[in-house]
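Residues per chain are reported as follows:
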Amino acid sequence: MVDFTAHHSLWGKLQRRTWAERWLLVEAAWWLAFMATALRLAPFKRMVAWLGLELATEAQPGLMSAPRPEIAAVGWAVRAVAARIPGKGTCLVQALAAV
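Residues numbered from 1 in each chain as written. Predicted model: local features only at pLDDT ≥ 70, side-chain atom pairs only at ≥ 80, totals over all residues. Heavy atoms only, no water.

(A) Structural context of the overall build of the protein chain. Check the secondary structure of the protein chain and you find five helices and zero strands. Listing each helix as α and each strand as β along the protein chain from the N terminus yields α-α-α-α-α. Split into buried and exposed, the 99 residues of the protein chain put 21% on the buried side. Contacts in the protein chain between residues far apart in sequence, at least 24 positions, make up 63% of those at least 6 positions apart. Approximately 7800 Å² of the protein chain is accessible, and the part contributed by carbon and sulfur atoms is 65%. (Helix = DSSP H or I, 4+ residues; strand = E, 2+ residues; numbered from the N terminus. Buried < 20%, exposed > 50% of the residue type's maximum accessible area, 1.4 Å probe, protein only. Contact = heavy atoms within 4.5 Å. Areas by Shrake-Rupley, 256 points an atom, 1.4 Å probe, with all protein chains shown as cover.)

(B) How the structure looks around helix α4 (residues 69-82). Over its 14 residues, α4 extends 20 Å from the first C-alpha to the last, a length consistent with the 20 Å expected when each residue adds 1.5 Å. Three or more residues of α4 are buried, namely G75, A77, V78, A80, V81 and A82. Where α4 is buried, its residues meet α2 (19-41) and α5 (91-98). (Expected span 1.5 Å × (residues − 1).)

(C) Representation of the packing of aromatic side chains within the structure. Enumeration according to the criterion identifies four aromatic pairs in this entry. Ring plane angle 10° and centroid distance 5.1 Å describe the contact between W30 and F34, whose orientation is recorded as stacked. Placement of the pair is W30 and F34 together in helix α2, with a separation of four residues, close to one helical turn. The class of W30 is partly exposed, set by a relative accessible area of 49%. An aromatic cluster of at least three residues, connected via ring pairs, comprises W30, W31, F34 and W50. Its guanidinium or amino end placed over the ring of W19, R22 lies 4.3 Å from that ring's centre, counting from NZ or CZ. (Phe/Tyr/Trp six-rings, centres within 6.5 Å; stacked < 30°, edge-to-face > 60°. Lys NZ or Arg CZ within 6 Å of the ring centre and 35° of its normal.)

(D) Summary view of the nonpolar core. If you look at the biggest cluster of nonpolar residues, it comprises 17 residues, and the most contacted ones within it are L32 and M35. Of all the secondary-structure elements, those providing two or more residues to this core are α2, α4 and α5. Not counting residues within four places of it along the chain, the set of residues in contact with M35 comprises M47, W50, L51, V93, L96 and A97. (Core = buried A, V, L, I, M, F, W, Y, C linked by side-chain atoms within 4.5 Å.)

(E) Structural view of α2. The terminal C-alpha atoms of α2 lie 33 Å apart, and with 23 residues this matches the ideal 33 Å at 1.5 Å per residue to within 8%. Along α2, the residues classified as buried are L24, L25, A28, L32, M35, A36 and A38.

(F) Focus on the packing of α2 against α5. Where α2 contacts α5, the two axes come as close as 8 Å, and the packing angle between them is 120°. As far as their axial angle goes, α5 and α2 are oblique. In this structure, α2 meets α5 at a crossing whose hand is right-handed. Mapping the contact onto sequence places W31, L32, M35, A36 and L39 in α2 and L92, V93, Q94, L96 and A97 in α5. (Axes fitted to C-alpha atoms, helices over the stretch in contact; angles between N-to-C directions. Parallel < 35°, antiparallel > 145°, perpendicular 65-115°, else oblique. Left-handed = near helix turned anticlockwise from the far one by under 90°.)

Right, dumping it as structure tokens:
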């Protein structure tokens, strides 16, 4: 017998979100799937270059400033979706999806 309570609970949570939050969740799901696939197909250094990032050789001062609300929202969406999609939850995939 299938337990639908978890499905209904998740659906209820989604319905209580604003349209902007729902769209952010859709974007997070897309980027998580894309980055997970891209990391399987391309070397990490190529991904870093494609994203316009630089590999740091030492800690960069000032990067840990107070997060802006939109950054916090992206982090929430990526974590929420990654927790519910199998195989997309590695920290590297989440970090790249949030970029």
